[in-house]
Amino acid sequence: MSFRVYRQHTRHKDTCQLQRQSTFYYCSMLYAKWTKIPLMKMDYETYFQKSLNRIKAEGRYRVFADLERHAGNYPHATNRQLGASKEVVVWCSNDYLGMGQSPIVREALIDAAKSFGCGAGGTRNIAGTTHLHVILESELANLHGKEAALLFSSGYVSNDASISTIATLMPDCVIFSDAWNHASMIAGVRNSGCEKKIYNHCDLEHLESMLSKVNIDRPKLIIFESIYSMDGDISPIKEICDLADKYNAMTYIDEVHAVGLYGETGGGITEREGLTERLTVIEGTLAKGFGLCGGYIAGSASLIDAVRSSAPGFIFSTAMAPPIVGAAIASVRHVRQKNDLRLKLQERSDTLKRKLREVGLPLMNNSTTHVVPVLVGDPFACKAATDMLLDDYNIYIQPINYPTVPKGSERLRITPTPLHTDTLMNSLVEALTDVWSRLELKKSA
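Below you will find a few notes about this structure. Per-chain numbering applies: the sequence of each chain, read as written, is numbered from 1 onward. Whole-chain, interface and lining totals are the exception, using all residues; otherwise, since this is a predicted model, local features are given only for residues with pLDDT of at least 70 and side-chain atom pairs are given and counted only at 80 or more. For the side-chain quantities, the full set of heavy atoms in the structure was used; hydrogens and water were omitted.

1. A few points about the pattern of salt bridges
Any two side chains of opposite charge can pair, given that their charged atoms come close.
No. 1: Salt bridge, as applied in this entry: a Lys or Arg side-chain nitrogen positioned within 4 Å of an Asp or Glu carboxyl oxygen. Tallied over the entire structure, the rule returns 20 salt bridges.
No. 2: In this structure, Lys-344 and Glu-347 form a salt bridge, with 3.6 Å as the shortest nitrogen-oxygen distance. Here Lys-344 pairs with Glu-347, and both are found in helix α14 (residues 339–358), just three residues apart, close to one helical turn.
No. 3: As a salt-bridge pair, Arg-348 and Glu-347 come within 2.9 Å of each other at their nearest N and O atoms.
No. 4: Buried means the residue's accessible area, taken with a 1.4 Å probe over protein chains only, is under 20% of the maximum for its type, while exposed means over 50%, and partly exposed covers the values in between. You can call Arg-348 buried: its relative accessible area is 5%. In DSSP terms, a helix is any run of H or I states spanning at least four residues, a strand is any run of E spanning at least two, and both are numbered starting from the N terminus.

In structure tokens form, the structure reads like this:
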């Protein structure tokens, strides 16, 4: 066979092969289209693994400690991690008063379960409202001196649902939000779709400069927190209310880290400073000072009714379980009457801060509240410090890293309660001093 004939033959074979391949590819595409089966299976797991790898590389991957708390023995718990069984002391819980362990609250929860059952049966729109919900909302409205209150399944949902709904009910509303606001508040702003303006943290001049550029008759909503829980600082609430009055704005304050803990009856910083009436909406939680779970807002009757009637986060969420609501009623009533608990909390916090300063540990001085933040400044060192505390000293503190706090400000966030004794505090300070020395961490904040 000549080269010319050979080439013609091979070209014919190649052409036939290409035609067969094209026909196969075309048929395969049709098959994939008709059957909805892809030609190649997508490796979706790769996306998730890449995300985890990135988080680990940045030193902010979190491992949850498997803790078994002991009712009536707060703040002690058993660490069940990796099959271990070691007693530890918890120093980072948001159950600030230990009410989640209180016999009063536990008994109320059991009684409510026996009387009303364990579940609400669905949303309040469909299943109806358990009478306990009505009682608790009345208690919370009274706590904040407002006409009405509304319960949500969590503090996150109460912020997200309420902010987004309130803003969208006012045409052309613009939202002014503190730069350090909680993720739930940011979600509410985003989900509202309204124009937003972010002012520097607690910066009154920056806030006023923004307010002054918006038409006085345009709806405006200023949202901020009373206590910023990572630094422990307090907003200038009176001055923000003054600006709201001057520029015709509504105010929405998040008091989740203050309710139960401040004020003569636990109404928060707003009660302590005599400013309750000046706030349009007060948002709070049952998960911290009251030791349970759930969130709420308190305000005028018409505002609360409008949110109840319009907020998807309320309308489409199963109502809080009756036992939790019954326990919350008992907790709120008890805490309101026990100002000595609030005084004890502040004494314990002040005592720990003093002990930390005495040994030169880098206490972050912005905190004027019960929150005790100790600066580390590096995510890997932060994780190493908390691992050492748990493994070598039986002390549980969770590292606080980005995105909860800005990069470079990683810290240990310590929350002493009325149940943390001087002996426990001395052990904590000794352990922290040893860890700082072993890791060669800076002792200046």
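Picking up after the structure, the text goes on.
2. So, helix α15 (residues 379–393)
No. 1: By definition here, a helix of n residues has an expected span of 1.5 Å times n minus one. Look at α15: 20 Å from first C-alpha to last across 15 residues, which is about the 21 Å you get at 1.5 Å a residue.
No. 2: Among the residues of α15, Pro-379, Ala-381, Cys-382, Ala-385, Thr-386, Met-388, Leu-389 and Leu-390 are the ones counted as buried.
No. 3: Residues of α15 that are buried make contact with β2 (76–79), β3 (86–90), β14 (395–396), β15 (399–400), β16 (411–414) and α16 (422–438).
No. 4: Residue Asp-378 occupies the N-cap position of α15, its side-chain oxygen lying 3.0 Å from the main-chain nitrogen of Phe-380.
No. 5: Count one or two residues on from α15 and you reach Asn-394, which has phi positive near 55°. Residues count as neighbours in contact if any of their non-hydrogen atoms are within 4.5 Å of one another. Nitrogen and oxygen atoms within 3.5 Å of one another constitute a polar contact, given that in protein one can donate a hydrogen and the other can accept it, and given that sequence-neighbouring residues count only through two side-chain atoms.

3. Brief notes about the nonpolar core
No. 1: The criterion is simple. A nonpolar core is a set of buried Ala, Val, Leu, Ile, Met, Phe, Trp, Tyr and Cys residues joined through side-chain atoms within 4.5 Å. Among the nonpolar cores identified, the biggest contains 54 residues, and Leu-136, Leu-140, Phe-176, Ile-222, Phe-224 and Leu-286 are the most heavily contacted of them.
No. 2: With seven residues, the top contributor of residues to this core is helix α13 (residues 322–337).
No. 3: Contacts of Leu-136, omitting those with residues within four sequence positions, involve Leu-151, Leu-286, Val-325, Ala-328, Ile-329 and Val-332.
No. 4: Counting residues in hydrophobic clusters, the runner-up holds 35 residues, among them Ala-385, Ile-397, Met-425 and Val-435.

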